[in-house]
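Each chain, letter by letter, is given below.
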Amino acid sequence: MANSIRTIGVLTSGGDAPGMNAAIRAVVREGLARGVKVKGIYRGYHGLLNEEIVDMDSRSVSDIIQRGGTILGTARCSEFMEREGQQRGADICRKHGIDGIVVIGGDGSYRGAQKLSHLGINTIGIPGTIDLDISSTDYTLGFDTAVNTAMEAIDKIRDTSSSHERCSVIEVMGRHAGYIALWCGVANGAEDILIPEKYDYNEMDVINNIIANRKKGKKHHLIINAEGIGHSISMARRIEAATGIETRATILGHMQRGGRPTCKDRFYGSMMGSYAADILIEGKTNRVVAVQHGEIVDIDIDEALTMKKNIDDYQYQVSKILGR
Ligand code: ADP
Ligand code: F6P
């Protein structure tokens, strides 16, 4: 019921992502505009259990929309995986008068939100991860910034790789998902894209491809390797030994997770943050905000967590053809 929600909280959890600040700002300002109090919870569920809770006003979220990271900080919290920790979290919410929480994070953070809502604290999730690997939504905050950061870095590697007529293995983030690798692979014109969802670990195919491309006159050979496959340095050594072509490995690492959010991440962060505050104040719980077919919608967390997301076969096939 709309009038039973008087105070809402907001936290960020799991890996940080550019655009989280825009979402925090929107939750705070939308909440205040709708007449509820808003509290910021630092360091995810870890901060909740340590009662790192502060009152937020409109000025608390000034000058943050353009910043990477999350002003609330984030953490992983093993204690919250246990029933006892979750119960303590719900009790702490009640102690601080928090009727509902917006949780910005990935699937793991959604599971925490689901537990809290089953313990009587209303929760709404917002998808925040650079990996794009949340099944319920077409978009996750941070992906656009991350792929643009990686794409620019890979362009630079391509310059030097061409000058030296080398092969380059470039490792991008994505422990379980190949979306960053696929998007950068296409956008950077990579010759090979290795992603956990599709790679058959037959390195001879990659090696034969390098040799064939060299015969065709290609000056460089870019291999975008997702973190989920990893081992880029030893892969580069093996490729050099098998092909005789100088090969270098670059692991882009956490630079992909930082930096000023793109317009898309600021815009979606703002819209999803406001939407989450609105439905929380309306009394909804155990829901996640999602982008589906260009529209912002909300769906049940239980349903969201059973959904599966797959790399699009057509996109993957195209990526292979265009890199030849
Ligand atoms: P992400 O939200 O990016 O997927 P994690 O999987 O690391 O990141 O989850 C973030 C945090 O969410 C965990 O450290 C933990 O505190 C909480 N969490 C994850 N899974 C569960 C679960 N099954 N039950 C309760 N809390 C969970
Ligand atoms: O945010 C997602 C992600 O970047 C994954 O691609 C990666 O595996 C993971 O986070 C690494 O996170 P951390 O180094 O913080 O444990």
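Residues numbered from 1 in each chain as written. Chains lettered and ligands numbered in written order. Predicted model: local features only at pLDDT ≥ 70, side-chain atom pairs only at ≥ 80, totals over all residues. Heavy atoms only, no water.

Student: Is there a simple way to think about the site of ligand 1 in this case?
Tutor: Inspection of the region around ligand 1 gives 16 residues, with Arg76, Cys77, Gly106, Gly108 and Ser109 positioned closest. At 3.0 Å from an oxygen atom of ligand 1 is found a side-chain nitrogen or oxygen belonging to Arg76. Residue Ser109 places a side-chain N or O atom 2.5 Å away from an oxygen atom belonging to ligand 1. In isolation ligand 1 exposes 550 Å². Once the protein is present, 80% of that is buried. Here ligand 1 occupies the largest pocket. Ranked by residue count, the leading element in the shell around ligand 1 is helix H4 (residues 107-118), at 6 residues. Residue classes in the shell around ligand 1 are distributed as 4 nonpolar, 8 polar and 4 charged. (Near = heavy atom within 4 Å. Polar contact = N/O pair within 3.5 Å; in protein donor to acceptor, adjacent residues only side chain to side chain. Areas by Shrake-Rupley, 256 points an atom, 1.4 Å probe, with all protein chains shown as cover. 1 Å grid on protein atoms, 1.4 Å probe; cavity = no way out; pocket = protein on both sides within 12 Å on 5 of 7 lines; lining within 4 Å. Sits in = over half its atoms within 2 Å of the grid points. Helix = DSSP H or I, 4+ residues; strand = E, 2+ residues; numbered from the N terminus. Nonpolar A, V, L, I, M, F, W, Y, C, P; charged D, E, K, R; others polar.)

Student: Would you mind showing me how to read the site of ligand 2 here?
Tutor: Residues in contact with ligand 2, as listed here, are Arg76, Ile130, Asp131, Met173, Gly174, Arg175, Glu227, His254 and Arg257. Side-chain polar atom of Arg76 to an oxygen atom of ligand 2: 3.2 Å apart, as the coordinates give it. A distance of 3.0 Å separates an oxygen atom of ligand 2 from a polar backbone atom of Gly174. The protein chains hide 81% of the 400 Å² of surface that ligand 2 would expose on its own.

Student: Would you take a moment to explain the environment of Ser78 for this structure?
Tutor: Along the chain, Ser78 turns up in the loop between strand S3 (53-56) and helix H3 (83-95). Using a relative accessible area of 59% as the deciding quantity, one classes Ser78 as exposed. Sequence separation of Ser78 and Ser161 is 83 residues, and the distance between their C-alpha atoms is 43 Å. (Buried < 20%, exposed > 50% of the residue type's maximum accessible area, 1.4 Å probe, protein only.)

Student: Please explain the domain arrangement of the chain as it appears in this structure.
Tutor: Interface size is commonly expressed as the accessible area that is lost once the parts come together. Each assigned domain of the chain is listed here: domain 1 (7-142 + 261-304) and domain 2 (143-257). Computed from C-alpha coordinates alone, the two centres of domain 1 and domain 2 are separated by 34 Å. Counting residues at the interface gives 17 residues for domain 1 and 13 residues for domain 2. When the two sides are added together, the surface that domain 1 and domain 2 hide from each other amounts to roughly 1,100 Å², 58% of it contributed by carbon and sulfur. In terms of surface lost to domain 2, no three residues of domain 1 exceed Ile130, Asp131 and Leu132, which account for 45% of the buried area on that side. Linking domain 1 with domain 2 are 1 salt bridge, by the criterion used here. Asp16 is paired through a salt bridge with Arg257; the nearest N and O atoms lie 2.9 Å apart. Counting across the interface, domain 1 meets domain 2 through 9 residue pairs in polar contact (both at pLDDT 80 or more). For the side of domain 1 that touches domain 2, the residue count by class is 6 nonpolar, 5 polar and 6 charged. (Domains from an automatic or database assignment. Contact = heavy atoms within 4.5 Å. Buried area = accessible area lost by both parts, 1.4 Å probe. Salt bridge = Lys/Arg side-chain N within 4 Å of Asp/Glu carboxyl O.)

Student: Would you mind showing me how to read the sheet that holds strand S5 (residues 122-127) here?
Tutor: Whenever strands of a sheet pair, they do so through backbone hydrogen bonds, lying parallel or antiparallel. Pairing is mixed in the open sheet, where 7 strands are placed in the order S3-S2-S1-S4-S5-S10-S11. Of all the strands in the sheet, the pair left with one neighbour each is S3 and strand S11 (295-300). The mean angle between the axes of side-by-side strands here comes to 30 degrees, regardless of whether they run parallel or antiparallel. Pairing between strand S1 (residues 7-12) and strand S4 (residues 100-105): 5 bridges, direction parallel. Opposite Gly9, over in S4, you have Ile101 as the bridge partner. Sitting on the sheet, H4 touches S4, S5 and strand S10 (287-292), and the angle it makes with S5 is about 170 degrees. Here helix H9 (residues 263-281) sits on the sheet in contact with S1, S4, S5, S10 and S11, set at roughly 165 degrees to S5. (Pairing = 2+ DSSP bridges. Axes fitted to C-alpha atoms, helices over the stretch in contact; angles between N-to-C directions.)

Student: Got a minute to help me understand the layout of surface pockets in this structure?
Tutor: If a probe as big as a water molecule is rolled over the atoms, it shows which places are left empty. Of the volumes computed, that of the largest pocket is approximately 1,300 Å³. Around the largest pocket sit 50 residues that line it, and Arg76, Asp107, Gly108, Asp133 and His176 are the ones nearest its centre. Element by element, the count of residues in the lining of the largest pocket is highest for H4, at 6 residues. Residue composition of the lining of the largest pocket, by class: 16 nonpolar, 20 polar and 14 charged. Here the lining of the largest pocket spans two domains, since at least three of its residues come from each of domain 1 (7-142 + 261-304) and domain 2 (143-257). (Points joined across faces, edges and corners; volume = space filled by probe spheres on them.)

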